[in-house]
Amino acid sequence: MSEQKIVRQIVPVVKARTTGLIAEIAPGRLLGLTSEREPADGSILYGVDVATGEVFFTKHLPSPVSIDAHWPHWVDPSYDYHAFVRGADGFVWTYLKDALVRIDPKDASVHVVGKIDPVGWPTFAGQDLYLSGSEQLRRIRNILSE
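Residues numbered from 1 in each chain as written. Predicted model: local features only at pLDDT ≥ 70, side-chain atom pairs only at ≥ 80, totals over all residues. Heavy atoms only, no water.

*Asks:* Provide a residue-level description of the sheet that holds strand S3 (residues 43–49), including the pertinent values.
*Replies:* Sheet strands pair by backbone hydrogen bonding; their relative direction is either parallel or antiparallel. Strand order in the open sheet formed by 4 strands is S1-S2-S3-S4, and the pairing between neighbours is antiparallel. Only two strands of the sheet have a single partner each, and these edge strands are strand S1 (21–26) and strand S4 (55–61). In this sheet, adjacent strand axes meet at a mean angle of 20° when their direction is disregarded. As paired strands, S1 and strand S2 (residues 29–35) are joined by 5 bridges and run antiparallel to one another. Of the residues in S2, the one forming a bridge with Ile22 is Gly32. (Pairing = 2+ DSSP bridges. Helix = DSSP H or I, 4+ residues; strand = E, 2+ residues; numbered from the N terminus. Axes fitted to C-alpha atoms, helices over the stretch in contact; angles between N-to-C directions.)

This is the structure:
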């Protein structure tokens, strides 16, 4: 049995609360979203080249990641909505507070889709978006065709 070990540690946002949520947007390139440490009323989007460890951009967003003003979803295990999902449109879909957004990995532009109450775990099936996590499985029809 071969031994595996960590070969690189990258700090994408100095003094951030966590590294946050990540998704591969191109081979060897990650897009990340984390919460500001203090005050937690904004968030930070960032890009990382995993081969070199270079952080090639950071972008401050005026909205927090979480509906909880203090703890982002991925820190508090009582929350189930750590959504950072690639859609068939190539965008990364996530939440900023209770607004569903899509992020263009080409230029890190953020497009608001709309408010979701309650938020839910997004999964794409064809052109439709399904949201789980509440008592009902919710469907937004043809969201990718707009």
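*Asks:* Quick rundown of the sheet that holds strand S6 (residues 92–96)? Include the residues and the values.
*Replies:* If you walk across this open sheet you meet the 4 strands as S5-S6-S7-S8, and the pairing is antiparallel. The sheet terminates laterally at strand S5 (84–86) and strand S8 (110–115), the two strands that pair on one side only. Averaged over all neighbouring strand pairs, the angle between strand axes comes to 30°, with direction disregarded. As judged from the 5 bridges shared by strand S7 (residues 99–103) and S8, these two strands associate in the antiparallel manner. Within S8, the position partnered with Ala99 by the bridge is Lys115.

*Asks:* Can you break down the nonpolar core residue by residue, with the values?
*Replies:* Leu31, Leu33, Leu45, Phe84, Val92 and Ile103 are the most contacted members of the largest nonpolar core, which totals 14 residues. Among the secondary structure elements, those contributing two or more residues to this core are S1, S2, S6 and S7. With 3 residues, the single largest contributor to this core is S1. Every residue in contact with Val92, bar those within four places of it in the chain, is listed here: Ala23, Ile25, Leu31, Phe84, Val85, Arg86, Val101, Arg102 and Ile103. Phe91, Trp93, Leu100 and Leu131 belong to the second largest nonpolar core, which has 13 residues in total. (Core = buried A, V, L, I, M, F, W, Y, C linked by side-chain atoms within 4.5 Å. Buried < 20%, exposed > 50% of the residue type's maximum accessible area, 1.4 Å probe, protein only. Contact = heavy atoms within 4.5 Å.)

*Asks:* Explain the pattern of salt bridges to me, using residue names and the numbers behind them.
*Replies:* Counting across every chain of the model gives 4 salt bridges. A salt bridge links Arg29 to Asp49; its shortest N-O distance comes to 3.9 Å. Within this pair, whereas Arg29 is found in strand S2, its partner Asp49 is found in strand S3, the two being separated by 20 residues in sequence. Judged by its relative accessible area of 14%, Asp49 falls in the buried class. Where Arg139 meets Asp128, a salt bridge forms, and the shortest distance between an N and an O atom there is 2.4 Å. You can see Arg139 sitting in strand S11 (residues 138–140) and its partner Asp128 sitting in strand S10 (residues 128–132), a full 11 residues away along the chain. According to the relative accessible area criterion, Asp128 is buried, its value standing at 8%. (Salt bridge = Lys/Arg side-chain N within 4 Å of Asp/Glu carboxyl O.)

*Asks:* How would you summarise the packing of aromatic side chains if you had to cite specific residues and measurements?
*Replies:* The full count for this structure, using the stated rule, is 2 aromatic pairs. The interplanar angle of 65° and the centroid separation of 5.1 Å between the aromatic rings of Trp93 and Phe124 together place this pair among those described as edge-to-face. Placement of the pair is Trp93 in strand S6 and Phe124 in strand S9 (residues 121–125), with a sequence separation of 31 residues. Between Arg29 and the ring centre of Phe56, over which it is positioned, the NZ or CZ distance is 4.1 Å. (Phe/Tyr/Trp six-rings, centres within 6.5 Å; stacked < 30°, edge-to-face > 60°. Lys NZ or Arg CZ within 6 Å of the ring centre and 35° of its normal.)

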